[in-house]
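Notes for the structure review
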Amino acid sequence: MLTLIFVFSLSFYAQENNKLQPLESIFVTIQNQFNIQFNYAEDTIKGIHIIPPSKDLSFADVLLYLEKETQLSFVLKATFVLVTTKSEPPFIERQKLDQIVISSYLVKGINKLNDGALEIDFTNFDILPGLINTDVLQTVQALPGIQSINETVSNINIRGGTHDQNLILWDNIKMYQSGHFFGLISMYNPQITNTVNLIKNGSDATYTDGVSGIISMQTENSITTEFEGSIGANFIDANGFADVPINEKSSFQIAARKSISDFVETPTYTNFFDRISQDTEVELNSNSIINSDKQFDFYDVALRWLYKISDKDELRINFINVSNELIFNENAILNNVEETRQSSLTQNSIAGAVYYKRNWNEFWQSSFEVFETDYKLKAINANVLDAQRFLQENVVSETSVKLKTSYKINDKFQLLSGYHFVETEITNLDDVDIPVFRLLVSEVVRTHGLFSQVAYKNNDKTIFLKLGLRFNYIDKFKKQIWEPRLSFSKKVDAFTLEIQGEMKHQNTSQIINFQNDFLGIEKRRWQLSNNKDIPVIKSKQGSVGLTYSKKGWLINAESYIKRVDGITTQSQGFQNEYEFVKTNGSYDVTGLDVLIRKRIRNFNAWLSYSFMNNDYKFKELPEQRFSSNYDITHAITLGTTYTKDRFKLSAGINWHSGKPTTLPLMNNEIIDDAVNFDATNSSRLKDYIRIDMSALYDFKLSQKVKAELGVSIWNVLDENNEIDKFYRIKNGAINETLQSSLGWTPNAVLRVHF
């Protein structure tokens, strides 16, 4: 399939294309030809189509041609071209710190910024293998160094870290829930999520938490003047979006999704349900109990209101509400009478935020933001045989207040400072009605943060330096934590050198008390550090990277070293002899991420490779040092995309070495009615391989209405990939449980834009 796409694209490569093309596509061609970068706002070039300039023109003549055909202004500064409307004032974008240094890093819409962050722009996005919806947390997994140990968006591992070590932000609101279908798809509606920044290292001093990385999502930050909307459906959900202008100073966005399982069960839904219920109480119960009437439902609603109070003042209000619900009946015959009791699992997030920004002048800005985010996981486990009800709850409530000031000292230096207060409360409840048992634990931690950083760019923008420092004070523990941050890049011709480093901490983590908690579906619960047996988690990491970009080629290599202290065994998902051991330790990672990408007009291909050595260190365990449960030594991705007019096609292969596992000791598997394990993580699951495909086609229904039709296949070859393996004693013998990945799964989407 990959070969067919390549041959198909080359047949068009030799043809001279004199048809009208989107200005954005023409920019990509010119960037590859002359090794420059266009900087522009999406609204500036939206809807502009022109005939591409002749390849025989000089660069100066190309800019003159573009100005004539588009009536836009093109200002060359070193290797950057600033694109604006001719009516825009000259100081537009002066406050912007980050600039694109590599466009189309993987595919169109994924760009690399000068501070090392990767930006995903969904307003200008191409296509990725297996994805027809712009799923935020699936998309980030296509990037080097980002994986999911169990193929879910609720277990994303950035350079060997656990998912709870990721700071996930939606319009600067911290989120404690990631997915629908308990992790198979992102809970963030792609229609309202405009851009995403992925930061693996060298983050701003404004950020706290996220010792492994940051996934920051943003909605559109400009006020719309015309109504825009869309409705769509796929094999999982139906959804809608509206961007409504209220007046010239205000606009309102709303997006909503709901699963379609109430109306129809598609093959995709069936595969998803089987995947999440695999080896859980939903799928398997005792021999005398039959589960029936299984139902799953989810929805999400997201709102965003912008109000330009004056030329200097802006206000933004956000709201998001997300829900997952699983219900089933447990049935048994007791004394010749059929008894039925209902079990359920719900997962909800609700959050709101107010953001206010004032531009005092073209040099001075300030902003104030406050958010409240609440997460609740609740399970009711009905034991029909014992007429017993077991209730479990995990509740997170967090309030954040942040004040920032930004001052542009001159054309080279910019200063950023501020204060950040966070209060986090986590409550855990275990409640049994017969016999009566109730355990309620609620804890609160408050953190004060002061931060400051300076950013420097030289005149030709070939040097960028961001140096920051954050001071944190945790009042409950009377603990002071200093965290320096560094991001540096230097461009020389087609080469760019990058150096990043940071120290961070976080007070929250996810643990597993028992594998059957919360019906075994979402068994992880959030907990707060107590500065004793549950330490404050601290990280430090550094990385060095080199990038070559010229004539459609991109070669990027980045090596890194990382250490995270304060992890607990309960947060690492052990299912061997350490499953119920409670101790803390650390992990060390060294790794290398490599990306090679080539663009040839409408054809794009990339190859990424990641190497990682990830080891635990637990001083109180008999084996003090061994491979991490998240140690994926080798990972390779090969992907291709082909775009022609309104048609997009993509295919790709994902392969990685098997995750570590612990096997019973051969010929001596059981001692004292317990599994006698071999050396911890001394074995590996089978290698993982998956081929995905997707296609999208845009077409017009009328002058103002257009539609999008897409199909995708996840795991084309229906590979039965192993994602986990564990052992238990059953009837005096070893019982092996093997959990498998999602099999061959089709999806289709139809969306109408108006």
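Check the entry above for the structure.
Residues numbered from 1 in each chain as written. Predicted model: local features only at pLDDT ≥ 70, side-chain atom pairs only at ≥ 80, totals over all residues. Heavy atoms only, no water.

The number of helices and strands found in the protein is six helices and 47 strands. Judged by the C-alpha coordinates and their principal axes, the protein covers about 85 × 60 × 55 Å. For the protein, the residues scored as buried account for 57% of the 754 residues in total. Residue pairs at least 24 apart in sequence account for 64% of intrachain contacts in the protein once pairs closer than 6 positions are excluded. A total of about 31900 Å² of accessible surface is found on the protein, and carbon and sulfur atoms cover 56% of it. (Helix = DSSP H or I, 4+ residues; strand = E, 2+ residues; numbered from the N terminus. Buried < 20%, exposed > 50% of the residue type's maximum accessible area, 1.4 Å probe, protein only. Contact = heavy atoms within 4.5 Å. Areas by Shrake-Rupley, 256 points an atom, 1.4 Å probe, with all protein chains shown as cover.)

Turning our eyes to something else, we now look at the packing of helix α2 (residues 23-34) against helix α4 (residues 59-70). Packing of α2 against α4 brings their axes to within 12 Å, and their N-to-C directions diverge by 170°. In terms of axis orientation, α2 runs roughly antiparallel to α4. Two secondary-structure elements touch here, α2 through Leu23, Phe27, Ile30 and Phe34 and α4 through Phe59, Val62, Leu66 and Thr70. Residues of the contact of α2 with α4, tallied by class, amount to seven nonpolar, one polar and no charged. (Axes fitted to C-alpha atoms, helices over the stretch in contact; angles between N-to-C directions. Parallel < 35°, antiparallel > 145°, perpendicular 65-115°, else oblique. Nonpolar A, V, L, I, M, F, W, Y, C, P; charged D, E, K, R; others polar.)

Before going further, it helps to spend a moment on the environment of Thr569. Inspection of the secondary structure puts Thr569 in the loop between β33 (553-568) and β34 (584-600). Distance from Thr569 to Thr152, taken between C-alpha atoms, is 21 Å for residues 417 residues apart in sequence. In contact with Thr569, not counting residues within four places along its chain, are Phe574, Val581, Lys582, Thr583, Phe618 and Leu621. From its side chain, Thr569 meets the backbone oxygen of Val581 in a polar contact 2.5 Å long. (Polar contact = N/O pair within 3.5 Å; in protein donor to acceptor, adjacent residues only side chain to side chain.)

Another point: the nonpolar core. Of all hydrophobic cores here, the largest spans 75 residues; its most connected members are Trp170, Met175, Phe181, Tyr188 and Leu345. Those residues in contact with Trp170 that lie beyond four places of it in its chain are Met175, Tyr188, Ile192, Thr193, Met217, Thr219, Ala302, Leu303, Asn318, Phe319 and Ile320. (Core = buried A, V, L, I, M, F, W, Y, C linked by side-chain atoms within 4.5 Å.)

A few words on the packing of aromatic side chains. Enumeration according to the criterion identifies 29 aromatic pairs in this entry. An aromatic cluster is built from Phe181, Phe182, Tyr269, Phe272, Phe273, Phe296 and Phe298, whose rings are joined through pairwise contacts. Directly above the ring of Tyr560 sits Arg159, whose terminal nitrogen or CZ lies 4.2 Å from the centroid. Positioned above the aromatic ring of Trp714, the side-chain terminus of Arg690 is 3.8 Å from the ring centre. (Phe/Tyr/Trp six-rings, centres within 6.5 Å; stacked < 30°, edge-to-face > 60°. Lys NZ or Arg CZ within 6 Å of the ring centre and 35° of its normal.)

Quick look at the sheet that holds strand β11 (residues 166-170) now. Read across the sheet, seven strands follow the order β6-β7-β8-β15-β16-β11-β12 without closing on themselves; strand pairing throughout is mixed. Two strands close off the open sheet at either side, each with one partner strand: β6 (100-102) and β12 (173-174). As paired elements, β11 and β12 share two bridges and run antiparallel to each other. Counted as the bridge partner of Trp170 is Ile173 from β12. (Pairing = 2+ DSSP bridges.)

What follows covers helix α6 (residues 267-276). Every buried residue belonging to α6 is among Thr268, Tyr269, Phe272, Phe273, Arg275 and Ile276, and all of these are buried. Looking straight down α6, one finds its buried side chains confined to an arc of 160°; they lie on one side. Against the buried residues of α6 lie β14 (185-186), β20 (290-308), β21 (313-334), β45 (722-730), β46 (733-740) and β47 (745-753). (Arc of directions from axis to C-beta.)

Quick look at the pairing of strand β28 (residues 479-492) now. When strand β27 (residues 463-474) meets β28, the two strands line up antiparallel, connected through 12 bridges. Within β28, the position partnered with Ile474 by the bridge is Lys479. Turn length for the β27-β28 hairpin, with the two strands adjacent in sequence and antiparallel, is four residues, and the turn residue Lys478 shows positive phi of about 50°. Bridge analysis of β28 against strand β29 (residues 495-506) gives eight bridges, and the strand direction is antiparallel. Residue pairing in the sheet places Phe488 in a bridge with Ile499 of β29.

A few words now on α2. An α-helical turn contains 3.6 residues, so any two residues separated by three or four positions project in the same direction. If you check α2, its first and last C-alpha atoms are 16 Å apart, about what 12 residues at 1.5 Å a residue would give, namely 16 Å. Here α2 has its buried residues at Leu23, Glu24, Ile26, Phe27, Val28, Ile30 and Gln31. (Expected span 1.5 Å × (residues − 1).)

As enumerated under the stated definition, the model contains 30 salt bridges in all. Ionic pairing is found between Arg358 and Asp313, a salt bridge with its closest N-O pair at 2.7 Å. One end of the pair, Arg358, is in strand β22 (residues 337-359); the other, Asp313, is in strand β21, and 45 residues separate them in sequence. On the accessibility criterion, Asp313 (9% relative accessible area) is buried. Residue Arg438 is joined to Asp431 by a salt bridge in which the shortest nitrogen-to-oxygen separation is 2.9 Å. A relative accessible area of 53% means that Arg438 is categorised as exposed. Salt bridges linked by common partners bring Arg159, Lys200, Glu558 and Asp593 together as one network. (Salt bridge = Lys/Arg side-chain N within 4 Å of Asp/Glu carboxyl O.)

For the rest of this paragraph, the subject is the pairing of strand β7 (residues 110-113). Across the two faces of β7 the burial is the same, with Ile110 and Lys112 and Asn111 and Leu113 all buried. Relative to β7, β6 is paired through two bridges, and the arrangement is antiparallel. Residue pairing for β7: Ile100 is matched across the bridge by Leu113. Two strands pair when backbone bridges link them, and β7 and strand β8 (residues 118-121) are joined in this way by three bridges, in the antiparallel orientation. Paired with Lys112 across the strands is Leu118, a residue of β8. Between β7 and β8, which pair antiparallel in sequence order, lie four residues; one of them, Gly116, sits at a positive phi of approximately 95°.

Turning to the environment of Lys582, a few remarks are in order. Take Lys582: it is sitting in the loop between β33 and β34. For Lys582, a relative accessible area of 63% puts it in the exposed group. Lys582 sits 14 residues away from Thr568 along the chain, and the two C-alpha atoms are 6.9 Å apart. When sequence neighbours within four positions are dropped, the list of residues in contact with Lys582 reads Thr569 and Gln570.

Here we take up unusual backbone geometry. Cis rather than trans, the peptide bond between Ile434 and Pro435 has omega equal to -10°. Among the structural elements, Pro435 can be located in the loop between β25 (413-432) and β26 (437-457). Here Lys478, not a glycine, exhibits a phi torsion of approximately 50°, which is positive. Counting through the fold element by element, Lys478 comes out in the loop between β27 and β28. Here the phi dihedral of Asp493 falls at roughly 55°; this positive angle occurs in a residue that is not glycine. Mapped onto the elements, Asp493 comes out in the loop between β28 and β29. Given a relative accessible area of 64%, Asp493 falls into the exposed group.

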